[in-house]
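A look at the structure
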Amino acid sequence: MGLFDKLFGGGKQKKVSKETAETRGAHMPDLNIPIDEKFTIHFRKNGGKFLYCDSFAEISQALRNILEENDWHDHPFYALDPKLQERFSKENIRFTEKSKLSEVFFTTCEHLIAQNGSILVCSNQLMDKKLNELPYNVIVFATTSQLVESIGEGLKTIKRKYGHNIPANITTLKHFQANEENSDDFLTYGSSSKNLYLLLLEDL
């Protein structure tokens with residue numbers, strides 16, 4: 001994949017696109033760059049912390065580093081997904097389903113949106129919670145196969161995946177810096193800034 005190859009090995013690559021894309025105006029059309037690179041550029045502009053891993057062992061180490069960095073060893077993680085809790089059951093993490101007892105929300109997502117560096121979630125991850133009801137600190141576990149170009153593509157994929165049982169509460173996590181002005185995007189209306197880590201597992 002584009003940027004991941006450049007960051008973690010994979011032959012000679014041109015250096016032009018990242019710098020050019022980062023210096024273009026907000027309303028300029030996107031350059032024809034790989035979807036992973038586009039997501040990473042916009043995600044970091046939004047203030048997100050990005051940790052790319054090519055194995056689950058690296059995911060575990062990255063998670064331990066996050067715990068150490070923030071002194072969260074004794075803090076339970078607010079998690080609403082039983083499958084996520086099961087997958088990370090061997091890690092040194094306690095889980096709670098009561099948001100008031102936690103400073104950290106641990107979750108999966110539906111898609112990663114390259115167009116604006118946002119993270120598409122729904123009731124599968126949030127239940128009926130609004131973004132401003134979640135803890136300020138968020139850790140998202142996702143895979144590279146969840147990358148899509150746009151919100152529209154992500155919504156179409158959700159529709160194909162769930163058929164007539166389309167989940168409710170579809171929204172995006174996008175603001176990862178304090179005091180950032182909210183977008184007028186209808187999917188981010190009423191959102192609040194989050195301190196967000198993305199644990200991204202290579203699965204392609």
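Each remark here, short or long, concerns the structure printed above.
Reference entry: report on the structure contained in this document.

A few words on the state of the cysteines. Counted according to the given criterion, the structure contains 0 disulfides. The thiol of Cys 109 is unpaired, and the distance to the nearest cysteine sulfur, on Cys 122, comes to 9.7 Å. Taking relative accessible area as the criterion, Cys 109 reaches 5% and is therefore assigned buried.

The phi torsion at Asp 71 lies on the positive side, around 55°, for a residue other than glycine. Mapping Asp 71 onto the fold places it in the loop between helix H4 (56–70) and strand E2 (77–78). Backbone geometry at Met 127 places phi at a positive 55°, although glycine is not the residue there. By secondary structure assignment, the location of Met 127 is in the loop between helix H6 (123–126) and strand E7 (137–143).

Because each turn of an α-helix spans 3.6 residues, side chains separated by three or four positions in sequence point in the same direction. Over its 15 residues, H4 extends 21 Å from the first C-alpha to the last, a length consistent with the 21 Å expected when each residue adds 1.5 Å. Of all the positions in H4, only Ile 59, Ser 60, Ala 62, Leu 63, Ile 66 and Leu 67 are classed as buried. All buried residues of H4 project into a common sector of 165° when viewed along the axis, lining one side. The outward face of H4, more than 90 degrees from its buried face, is lined by the exposed residues Ala 57, Glu 68 and Glu 69. Of the surrounding secondary structure, the elements contacted by the buried residues of H4 are strand E1 (49–53), E2, E7 and strand E10 (195–201). Within two residues after H4, Asp 71 carries a phi angle of roughly 55°, on the positive side.

About the criteria used
- Residues numbered from 1 in each chain as written.
- Predicted model: local features only at pLDDT ≥ 70, side-chain atom pairs only at ≥ 80, totals over all residues.
- Heavy atoms only, no water.
- Disulfide = S-S within 2.5 Å.
- Buried < 20%, exposed > 50% of the residue type's maximum accessible area, 1.4 Å probe, protein only.
- Helix = DSSP H or I, 4+ residues; strand = E, 2+ residues; numbered from the N terminus.
- Expected span 1.5 Å × (residues − 1).
- Arc of directions from axis to C-beta.
- Contact = heavy atoms within 4.5 Å.

Keep in mind that these numbers describe shape and distance, not what the molecule does.
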